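The chain contents come next:
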Amino acid sequence: MKNKCERFNPKLLCKEFKWRLGLEFASLKEFKEDILEYNVLIGREIKFDLNYKRRARARCKHCIDYLVYVSKVGQTNTYRLNTLQPKHTSGKVFNNKSAKST
């Protein structure tokens, strides 16, 4: 049986990136950095309201429709995207507090 899940490649992250169920991340830190970067790129603010060692959930700060949830896969060090509601119903944020300068 072929594994239907694929490893997330941060090099492909852009405004047009399409998130898919089953994407796998090497760590929660990687997931958080990537989902935060994507939402800054599209002009949205998110918050992490569920933050444990085995799972994390990101929601839009301004609407209730956007939700992304990842959890740990078994005894591995891999985290998989399990829930995806990618539609933002709020407008873009131009003073995004999530954006960090490098």
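Note: the structure precedes this text.
Residues numbered from 1 in each chain as written. Predicted model: local features only at pLDDT ≥ 70, side-chain atom pairs only at ≥ 80, totals over all residues. Heavy atoms only, no water.

(A) Quick look at the overall build of the chain. Helix and strand counts for the chain stand at one helix and five strands. From first element to last, N terminus to C terminus, the chain shows the α and β order β-α-β-β-β-β. Taking 13 Å as the expected radius of gyration for a compact globule of 102 residues, we find that the chain reaches 13 Å, a close match to that expectation. Of all 102 residues assigned to the chain, the portion counted as buried reaches 40%. In the chain, the proportion of contacts linking residues at least 24 apart, taken out of those at least 6 apart, comes to 45%. Total accessible area on the chain is roughly 6900 Å²; 51% of this is exposed by carbon and sulfur atoms. (Helix = DSSP H or I, 4+ residues; strand = E, 2+ residues; numbered from the N terminus. Rg over C-alpha atoms; globule rule 2.2 N^0.38 Å. Buried < 20%, exposed > 50% of the residue type's maximum accessible area, 1.4 Å probe, protein only. Contact = heavy atoms within 4.5 Å. Areas by Shrake-Rupley, 256 points an atom, 1.4 Å probe, with all protein chains shown as cover.)

(B) Geometry of helix α1 (residues 28-41). For α1, spanning 14 residues, the distance from its first C-alpha to its last is 20 Å, which sits close to the expected 20 Å at 1.5 Å a residue. Residues Leu-28, Glu-30, Phe-31, Asp-34, Ile-35, Leu-36, Tyr-38 and Asn-39 constitute the buried set of α1. Elements that come into contact with the buried residues of α1 comprise β1 (24-25), β2 (46-51), β3 (55-60), β4 (67-72) and β5 (79-85). Just past α1, the residue Gly-43 takes up positive phi, approximately 80 degrees. (Expected span 1.5 Å × (residues − 1).)

(C) Local environment of the packing of aromatic side chains. A complete count under the given rule lists eight aromatic pairs for this structure. Judged by centre distance (5.6 Å) and plane angle (75 degrees), the ring pair of Trp-19 and Tyr-38 falls under edge-to-face. With a gap of 19 residues between them, Trp-19 in the segment before β1 and Tyr-38 in helix α1 connect regions that are remote in the sequence. Ring centres of Phe-31 and Phe-48 lie 6.5 Å apart, and the angle between their planes is 75 degrees; this geometry places the pair in the edge-to-face category. Remark: Phe-48 occurs in strand β2 and Phe-31 occurs in helix α1; sequence separation between them is 17 residues. Residue Phe-31 is classed as buried on the basis of its relative accessible area of 0%. Taken together, the ring pairs connect Phe-8, Phe-17, Trp-19, Phe-25, Phe-31, Tyr-38 and Phe-48 into an aromatic cluster. (Phe/Tyr/Trp six-rings, centres within 6.5 Å; stacked < 30°, edge-to-face > 60°.)

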